[in-house]
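# Chains, contacts and geometry: an overview
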Amino acid sequence: MEFVTLNNGVEMPVLGTGTNTFGKVNGDYFGDINDDTTELLAAIKAGYRSIDTAIAYRNESVVGKAIKESGLPREEFFITSKIPGDEEHSGTAEKVEASLNASLEALQTDYIDLYLIHHPWDDENEMLQTWYALENAYNDGKIKAIGVSNFDQDQLDIIIDNARIQPMVNQVESHVGNWNDEIVAYSLENDVIPTAWGPMKGTDDASRAVLTEIGDQYGKTWGQVVLRYQIERGVIVIPKSHNAGRQADNFNVFDFELSDADKEKIKAL
Ligand SMILES: NC(=O)c1ccc[n+]([C@@H]2O[C@H](COP(=O)([O-])OP(=O)(O)OC[C@H]3O[C@@H](n4cnc5c(N)ncnc54)[C@H](OP(=O)(O)O)[C@@H]3O)[C@@H](O)[C@H]2O)c1
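On a predicted model such as this, the values are computed, not experimentally measured, just so you know. (Residues numbered from 1 in each chain as written. Predicted model: local features only at pLDDT ≥ 70, side-chain atom pairs only at ≥ 80, totals over all residues. Heavy atoms only, no water.)

### Remarks on the pattern of salt bridges
Under the defined criterion, the tally for this structure stands at 11 salt bridges. The residue K220 makes a salt bridge to D255 at a minimum N-O spacing of 2.8 Å. With K220 in the loop between α7 (205-218) and α8 (222-232) and D255 in the loop between α9 (244-251) and α10 (260-267), this residue pair connects regions lying 35 residues apart in the sequence. Classification of K220 as buried rests on a relative accessible area of 9%. Via salt bridges that share partners, D181, R233 and K267 belong to a single interconnected network. (Salt bridge = Lys/Arg side-chain N within 4 Å of Asp/Glu carboxyl O. Helix = DSSP H or I, 4+ residues; strand = E, 2+ residues; numbered from the N terminus. Buried < 20%, exposed > 50% of the residue type's maximum accessible area, 1.4 Å probe, protein only.)

### Remarks on the packing of helix α1 (residues 38-46) against α9
Between α1 and α9, whose axes approach to 9 Å, the crossing angle comes to 35°. For α1 against α9, the interelement crossing comes out right-handed. Within the contact between the two elements, α1 uses E39, A42, A43 and A46 and α9 uses A244, Q247, A248 and F251. Residues that form the contact of α1 with α9 fall into these classes: 6 nonpolar, 1 polar and 1 charged. (Axes fitted to C-alpha atoms, helices over the stretch in contact; angles between N-to-C directions. Left-handed = near helix turned anticlockwise from the far one by under 90°. Contact = heavy atoms within 4.5 Å. Nonpolar A, V, L, I, M, F, W, Y, C, P; charged D, E, K, R; others polar.)

### So, the UniProt feature "domain: NADP-dependent oxidoreductase" (unreviewed entry) in the protein chain
UniProt records the feature "domain: NADP-dependent oxidoreductase" (unreviewed entry) at residues 15-268, using the numbering of this structure. Within the segment residues 15-268, helix and strand shares are 43% and 12% respectively, and the terminal C-alpha atoms sit 23 Å apart. (UniProt positions renumbered as here; feature names shortened; annotations may be inferred.)

### A word on the environment of Y29
Relative to the helices and strands, Y29 resides in the loop between β3 (17-18) and α1. In the structure, Y29 is positioned 10 residues away from T19 in sequence and 9.6 Å away in space, judged by C-alpha atoms. Each residue touching Y29, except ones within four places of it in the same chain, is listed here: N20, T21, K24, A56, Y57 and R58.

### Some thoughts on the site of the ligand
Around the ligand, 24 residues are found, and the nearest of them are D52, M200, S241, H242 and R246. Here a nitrogen atom of the ligand and a side-chain polar atom of Y57 are 3.2 Å apart. Expressed as a share of its isolated accessible area of 900 Å², the protein-covered part of the ligand is 82%. Per-class residue counts for the shell around the ligand are 7 nonpolar, 12 polar and 5 charged. (Near = heavy atom within 4 Å. Polar contact = N/O pair within 3.5 Å; in protein donor to acceptor, adjacent residues only side chain to side chain. Areas by Shrake-Rupley, 256 points an atom, 1.4 Å probe, with all protein chains shown as cover.)

### Observations regarding the packing of aromatic side chains
On inspection of all chains with the given rule, the structure shows 6 aromatic pairs. On the numbers, 5.0 Å between centres and 85° between planes, the contact of Y29 with F30 is edge-to-face. The partly exposed category is assigned to Y29, whose relative accessible area is 27%. Summarising the aromatic geometry, the rings of Y29 and Y57 are spaced 6.0 Å apart at their centres and angled 75° between planes, so their arrangement reads as edge-to-face. Residue Y29 is located in the loop between β3 and α1, and its partner Y57 is located in the loop between β4 (50-52) and α2 (60-70); the two are separated by 28 residues in the primary sequence. The class of Y57 is buried, set by a relative accessible area of 8%. Above the plane of the ring of Y111 lies R74, whose end atom (NZ or CZ) is 3.8 Å from the centre. When the ring centre of F256 is taken as reference, the NZ or CZ atom of R228 above it lies at 5.8 Å. (Phe/Tyr/Trp six-rings, centres within 6.5 Å; stacked < 30°, edge-to-face > 60°. Lys NZ or Arg CZ within 6 Å of the ring centre and 35° of its normal.)

Here is the structure:
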């Protein structure tokens, strides 16, 4: 595994597993939680130690259960979770504290490696109150790194300009057809590490043909090529698959390097 050093010195794996449909009936995002840890245990067996969950996914408890079932020590894992920007969960110090305590309990842990504001919203003051509460939890050691998700340039500036502790990560949509180059570059310029959600999305037959041709040179699949592209440009990836073979494939991206010419072709997709 390769790691990126966040702006506070914390080391984060450049590859993790997404989970937003794990532990749910029919692998459906809106399905009931069924406590099934099969997908997570397969990912852990394949080598994943970074796991991306969220309060909104309702499956933090499944992640906590899988980590316990793995028999591996908590410190081997890098857990990311996210607090929703809604009335119930954030906007005041009390609500953020209650949300965080619920996350800690569900995850069966006394610290979370990375906690993100899941989405920006209109009320700048509430957003900042949420951020300040996260800073306090960070100072208390309940969170090892803090960040945001789906923030554009202006929204990121609000945090950067007012924070006592700078955000460490901005998790944004990024994949073929929508690389989101602008916010990726802006985040990197500000020492906020971008993470790509939905990294396997956006391909069609034509783009897969280009990626497959590139991959053939390295003995890699189109999926491995897109993940490698993101990692090489400084973006963390959190692909999700319900299939153990594809989970293992997605993990196997550390033994090749894309040429500059290939990167240009991928960038254009
Ligand atoms: N911050 C946010 O707002 C936000 C939003 C969305 C997602 N996320 C996070 O990002 C994670 C990843 O995003 P995502 O789950 O939406 O999409 P994704 O990782 O891009 O996966 C999309 C689909 O690609 C397929 N896939 C995975 N690996 C593949 C491969 N090697 N070859 C072919 N197909 C492959 C999977 O189907 P199979 O299961 O059939 O393999 C999966 O359903 C989520 O799980 C979640 O943790 C965050």
